[in-house]
Amino acid sequence: MSHPAFFDAIPPLAVHDPLAGFLGASDDGRIEYRYLDVVKLAGHSCPTVAAAYGLTCRALAALYPDSLPERGAIRVEFRDRQDAGVTGVVAAVVSMLTGAAGDGGFKGLAGRFARRGRLSFGADLPLAMRFTRLDDGRRVDAQAYPERVPAPPALSGLLADCLDGSASAETRALFGQLWQDRVRRLLVEHGADDAVFVVRPA
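About the cut-offs
- Residues numbered from 1 in each chain as written.
- Predicted model: local features only at pLDDT ≥ 70, side-chain atom pairs only at ≥ 80, totals over all residues.
- Heavy atoms only, no water.
- Axes fitted to C-alpha atoms, helices over the stretch in contact; angles between N-to-C directions.
- Helix = DSSP H or I, 4+ residues; strand = E, 2+ residues; numbered from the N terminus.
- Parallel < 35°, antiparallel > 145°, perpendicular 65-115°, else oblique.
- Left-handed = near helix turned anticlockwise from the far one by under 90°.
- Contact = heavy atoms within 4.5 Å.
- Nonpolar A, V, L, I, M, F, W, Y, C, P; charged D, E, K, R; others polar.
- Salt bridge = Lys/Arg side-chain N within 4 Å of Asp/Glu carboxyl O.
- Buried < 20%, exposed > 50% of the residue type's maximum accessible area, 1.4 Å probe, protein only.
- Arc of directions from axis to C-beta.

Draft legend 1. Quick peek at the packing of helix α2 (residues 35-42) against helix α4 (residues 87-98). Contact geometry of α2 with α4 gives a least axis separation of 10 Å together with a crossing angle of 130°. With respect to their mutual orientation, α2 and α4 come out oblique. Seen along the crossing, α2 lies across α4 with a hand that is right-handed. The residues of α4 that touch α2, namely those facing Asp37, Val38 and Leu41, are Ala92, Val93, Met96 and Leu97. Class assignment for the residues of the contact of α2 with α4 results in 6 nonpolar, no polar and 1 charged.

So this is what it looks like as structure tokens:
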């Protein structure tokens, strides 16, 4: 798959998934996710998908400062309903990276490796999400503010032209470049920006 070069400059997320090790998908249970993986999941790259990736990486780093995050051993709660705004898109990315799943998730094997019931919505939270370690109860609240990395002024006009079919091939290419440049700035230039990615103890 061809993709913008900056995708490869975005730090990957390494996790330990004991189910992957148990079933032989990974000898040591280590799985590495890259931004390109969540782009493939979503089918596109946008500030929402980028913010979901960046925020999850930051939240897991806060929960597991000295070890790999344990995929499948994390509960994630959302303040909004699943069908509200872009919550469902964000949840899909978060579920992929953490292993947390809703009612349709994996039931487990002989009481181990369950993922079901660890993704929920409509919680009373101060920020958009709460990540909780199931082994020791540590938790963090988290919220991304991608709007703090504004789009170029020309982007809205280009988008309108592309949507109504009046844009030339050159205009469509320019729109795509500017759209992805905002994603680049969000994850490469502001990936460690505490004003964009807020993570704090719950």
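That shown, we press on.
Draft legend 2. Representation of the pattern of salt bridges within the structure. Summed over all chains, the structure comprises 13 salt bridges. In this structure, the salt-bridge partner of Arg133 is Asp135, at a minimum N-O distance of 2.7 Å. Take Arg133: its relative accessible area is 9%, and that puts it in the buried class. Note on Asp135: relative accessible area 55%, which makes it exposed. Note that Asp136 and Arg138 form a salt bridge whose closest N and O atoms lie 2.8 Å from each other. Salt bridges here are not isolated pairs; linked through shared partners, they connect Arg133, Asp135, Asp136 and Arg138.

Draft legend 3. Region of interest: α2. Burial in α2 covers these residues: Tyr35, Leu36, Val38 and Val39. On an axial view of α2, the arc spanned by its buried residues comes to 160°, and they lie on one face. The elements touched by buried residues of α2 are β2 (30-33), α3 (47-63), α4 and α6 (169-189). Once α2 ends, the next one or two residues include Gly43, with phi positive near 85°.

Draft legend 4. Structural context of unusual backbone geometry. Phi at Ala110 is positive, roughly 50°, even though this residue is not glycine. Locating Ala110 in the fold gives a position in the loop between α4 and β4 (119-120). Looking at Ala110, the relative accessible area reads 85%, which means it is exposed. With a phi close to 70°, Phe113 is a non-glycine residue in the positive phi region.

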